[in-house]
Amino acid sequence: MNSSTDPCGAGVLLRAMNLFFCRNWHRLIVSGESLPDGPVILVSNHLCGLDPLLIQASVNRPLRFLMAREYYMKMWYVRRGLDLVGAIPVTPGGANRHAVRKAIEVVRAGNALCLFPEGAANPPIPMHRILPGAALIARESGAPIIPLRISGVLPFDHVHLWRSFYRRSRAQVVIGKPITLPEVSEGRAGLHEDTALIRHAICELASFDRAPDHDAPPG
């Protein structure tokens, strides 16, 4: 049973269409834990723009996403759809008080929120830098954090935005066990420990990684 009270998030029809696309074109397989009901925060590595679709196709409830404001503004032609599903624009590493406050409200209302704590797709050193947003939202909402790991897709090359969508892949999403942030000191030290725990939880799932399909024809 879904306890969400938020009217946003992809509807049943949109989720069904997305599931068909991800399972048939990207040959998505999902393993690991089931997503619990109630307020949760999903955190994942970030390979490409396809990632939100893969994660949404991996769970049986609507998700809200934090997304980079740069792409929210640049992709004006799909902004209406992004607003419809409740995307929350943020500036990675910048001042995001309004966005964080909105995200906390979404989670406190019993919804599932997903974000990519690296702050960008396919960073130079994967999982090297973790931004504190997930930890801040978890601390304020009291919601558990669910680590996920995406593999098997073509990484974003920061030039060809749509290539990962139309080039066929062997996508995989692994859902880890929920983690609750421990009671630690406040301030920078506590935040550093929180982000280190989140990073470790995502990296632990790397042993299940699925290699991209190099036999797929180039896009």
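Note that the coordinates shown come from a computational prediction; the quantities given were computed from them, not determined experimentally.

Novice: In this structure, what is going on with the overall build of the protein? I would like to understand it.
Specialist: When its secondary structure is counted, the protein shows eight helices and seven strands. Projecting the C-alpha coordinates of the protein onto the three principal axes gives extents of approximately 50 × 35 × 35 Å. Looking at the protein as a whole, 46% of its 219 residues qualify as buried. Relative to all contacts within the protein whose residues are 6 or more apart in sequence, the contacts with residues 24 or more apart total 79%. About 11,600 Å² of surface is accessible on the protein, with carbon and sulfur atoms providing 59% of the total. Charged side chains of the protein number 24 positive and 18 negative; the gap between the two group centres comes to 6 Å.

Novice: Explanation requested: the nonpolar core in the structure shown.
Specialist: One broad trend across soluble globular proteins is that nonpolar side chains are buried collectively. In this structure, L42, L54, I55, L63, I150 and V153 are the most contacted members of the largest nonpolar core, which totals 27 residues. For this core, the elements supplying multiple residues, two or more each, are β2 (40-44), α2 (51-58), β3 (63-68), β5 (112-115), β6 (145-151) and β7 (172-175). V43, A103, V107 and M127 belong to the second-largest nonpolar core, a separate cluster that totals 25 residues.

Novice: Any chance you could explain the side chain of N96 here in plain terms?
Specialist: Checked against the element boundaries, N96 lands in the loop between β4 (88-90) and α5 (97-108). A polar contact is formed between the side chain of N96 and the backbone oxygen of T91, at a distance of 2.6 Å. For N96, the residues in contact, after removing those within four places along its chain, are R69, V90 and T91.

Novice: Looking at this model, I keep getting lost on the pairing of β3. Mind explaining?
Specialist: On a regular strand, one side chain projects to one face of the sheet and the next to the other, so that they alternate. Among the six residues of β3, six are classified as buried, and the element is accordingly described as predominantly covered. The alternating pattern of β3 places L63, F65 and M67 and R64, L66 and A68 on opposite faces, both of which are buried. With three bridges connecting them, β3 and β5 associate as parallel partners. Directly across from R64, in β5, lies its bridge partner L113. As paired strands, β3 and β4 are joined by three bridges and run parallel to one another. Bridge assignment links L66 to a residue of β4, and that residue is I88.

Novice: What am I meant to see in the side chain of N18 here?
Specialist: Mapping N18 onto the fold places it in helix α1 (residues 12-24). In this structure N18 comes out as buried when scored by relative accessible area, which is 12%. Setting aside residues up to four positions removed in sequence, N18 forms contacts with L53, Q56 and A57.

Novice: Can you walk me through a nonpolar patch on the surface in this structure?
Specialist: Among the surface-exposed residues, L13, L14, M17 and L84 lie close enough to one another that they form a single nonpolar patch of about 440 Å² accessible area. A total of three residues in the nonpolar patch trace back to one element, the largest contributor, which is α1. Topologically, L13 is positioned in helix α1. With a relative accessible area of 63%, L13 lands in the exposed category.

Novice: Would you mind showing me how to read the environment of H26 here?
Specialist: For H26, the position within the fold is in the loop between α1 and β1 (29-32). H26 sits in the buried class, given a relative accessible area of 0%. Sequence separation of H26 and V107 is 81 residues, and the distance between their C-alpha atoms is 30 Å. Contact partners of H26, with chain neighbours within four places excluded, come to F21, L50, S164, F165, R167, R168, S169, R170 and A171.

Novice: What am I meant to see in the packing of helix α6 (residues 133-141) against helix α8 (residues 187-204) here?
Specialist: When two helices pack together, their arrangement is captured by the angle between the axes and the distance separating the axes. The geometry of α6 relative to α8 is characterised by a closest axis approach of 9 Å and an angle of 110 degrees between their N-to-C directions. With respect to α8, the element α6 is oriented roughly perpendicular. When α6 is examined against α8, the residues A134, A135, L136 and R139 are found in contact with a partner set consisting of L191, D194 and I198.

Novice: Any chance you could explain the environment of E140 here in plain terms?
Specialist: Note that E140 resides in helix α6. Residue class for E140 comes out partly exposed when judged on its relative accessible area of 49%. In this structure, the C-alpha to C-alpha distance between E140 and L161, residues 21 residues apart in sequence, is 34 Å. If near-sequence neighbours (up to four positions away) are discounted, E140 is found in contact with I104 and R108.

About the thresholds
- Residues numbered from 1 in each chain as written.
- Predicted model: local features only at pLDDT ≥ 70, side-chain atom pairs only at ≥ 80, totals over all residues.
- Heavy atoms only, no water.
- Helix = DSSP H or I, 4+ residues; strand = E, 2+ residues; numbered from the N terminus.
- Buried < 20%, exposed > 50% of the residue type's maximum accessible area, 1.4 Å probe, protein only.
- Contact = heavy atoms within 4.5 Å.
- Areas by Shrake-Rupley, 256 points an atom, 1.4 Å probe, with all protein chains shown as cover.
- Lys, Arg positive; Asp, Glu negative; His and termini not counted.
- Charge placed at Lys NZ, Arg CZ, Asp CG, Glu CD.
- Core = buried A, V, L, I, M, F, W, Y, C linked by side-chain atoms within 4.5 Å.
- Polar contact = N/O pair within 3.5 Å; in protein donor to acceptor, adjacent residues only side chain to side chain.
- Pairing = 2+ DSSP bridges.
- Patch = residues over 30% accessible without salt bridge, like charges linked within 9 Å, V, L, I, M, F, W, Y side chains within 5 Å.
- Salt bridge = Lys/Arg side-chain N within 4 Å of Asp/Glu carboxyl O.
- Axes fitted to C-alpha atoms, helices over the stretch in contact; angles between N-to-C directions.
- Parallel < 35°, antiparallel > 145°, perpendicular 65-115°, else oblique.

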